[in-house]
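Each chain, written out:
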Amino acid sequence: MRRQRVRAKGVFALNVDAKTGQVTSIKIERRTGYQVFDVADLNALIKWRFKPHSVTKVRIPVIFAGGVDSIRTTELKKMFPDI
């Protein structure tokens, strides 16, 4: 997929246990369009930890940009205008 310069974006909503800071569940609000990316996101995000008593819900935008070394902030704003 990297050679194809695949670009995908998704949004994931994390529920966090306030006492421990551990992610308890994840809802896919917007799929990336590629199952392999969605699964990779879920596997990574479930391992995230937050400072206890800091958050209970977090929305995480995710971007995959194959073949691109870096993405500028302006590019992110174009891809995620509602976030």
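These remarks concern the structure in this document. (Residues numbered from 1 in each chain as written. Predicted model: local features only at pLDDT ≥ 70, side-chain atom pairs only at ≥ 80, totals over all residues. Heavy atoms only, no water.)

### Quick notes on the nonpolar core
As a reminder, the rule being used: As used here, the term nonpolar core means buried Ala, Val, Leu, Ile, Met, Phe, Trp, Tyr and Cys residues forming a set that is joined through side-chain atoms within 4.5 Å. The classification of residues rests on relative accessible area computed with a 1.4 Å probe and restricted to protein chains. Under 20% of the type maximum is buried, over 50% is exposed, and intermediate values are partly exposed. Strands here are runs of E lasting at least two residues and helices are runs of H or I lasting at least four, both read from the DSSP assignment and numbered beginning at the N terminus. Any two residues whose heavy atoms approach within 4.5 Å at even a single point are treated as in contact.
Phe12, Leu14, Val16, Val23, Leu45, Val58, Ile60 and Val62 together form the largest nonpolar core, which totals eight residues. Counting residues per element, the ones that place at least two in this core are strand E1 (7-16) and strand E3 (57-65). Discounting residues that sit within four places of it in the chain, Val16 has contacts with Gly21, Gln22, Val23, Thr24, Phe50, Val55, Thr56 and Val58.

### Comments concerning the environment of Asp41
Along the polypeptide, Asp41 turns up in helix H1 (residues 35-45). The exposure class assigned to Asp41 is buried, which follows from its relative accessible area of 7%. Taking the C-alpha atoms as reference points, Asp41 and Val62, separated by 21 residues in sequence, lie 7.9 Å from one another. Setting aside its immediate chain neighbours within four residues, Asp41 contacts Phe12, Thr32, Val62 and Phe64.

### A closer look at the packing of aromatic side chains
The criterion, for reference: Pairing of aromatic side chains requires ring centres within 6.5 Å, counting the rings of Phe and Tyr and the six-membered ring of Trp. Pairs whose planes differ by under 30 degrees are stacked, by over 60 edge-to-face, and all others tilted.
Going through the model one piece at a time under the given rule, you end up with three aromatic pairs. With centroids separated by 6.2 Å and ring planes inclined at 55 degrees, the aromatic side chains of Trp48 and Phe50 adopt a geometry described as tilted. Judged by relative accessible area, which is 37%, Trp48 ranks as partly exposed. An aromatic cluster of three or more residues is present, and its members are Tyr34, Phe37 and Phe64.

### Some points on the environment of Gly21
Along the chain, Gly21 falls in the loop between E1 and strand E2 (23-30). By relative accessible area, which is 0% here, Gly21 ends up buried. Taking C-alpha positions, Gly21 is 4.4 Å from Phe50, a pair spaced 29 residues apart along the chain. The contacts of Gly21, once residues within four sequence positions are left out, are Val16, Trp48, Arg49, Phe50 and Pro52.

### What to know about the sheet that holds E1
Strand pairing in a sheet relies on backbone hydrogen bonds, with the paired strands running either antiparallel or parallel. Stated formally: Here, strands pair whenever DSSP counts at least two bridges between them. A fitted line through C-alpha atoms serves as each axis, taken over the contacting stretch for helices, and the angle formed by two N-to-C directions is quoted from 0 to 180°.
Pairing is antiparallel in the open sheet, where three strands are placed in the order E2-E1-E3. Single-partner strands in this sheet number two, and they are E2 and E3. Neighbour-to-neighbour, the strand axes of the sheet open up by a mean angle of 30 degrees, direction not taken into account. Note that E1 and E2 share six bridges and pair antiparallel. Considered in E2, the bridge of Phe12 is made with Ile28. Docked against the sheet, H1 engages E1, E2 and E3, running at close to 35 degrees with respect to E1.

### Here's the deal with H1
Under the convention used in this document: Arc definition: it is the arc formed by the directions from the helix axis to the C-beta atoms.
All of the buried residues in H1 are Phe37, Asp38, Asp41 and Leu45. One side of H1 holds all its buried residues, which, seen down the axis, span an arc of 100 degrees. Away from its buried face, by an angle of more than 90 degrees, H1 presents the exposed residues Gln35 and Val36. Where H1 is buried, its residues touch E1, E2 and E3.

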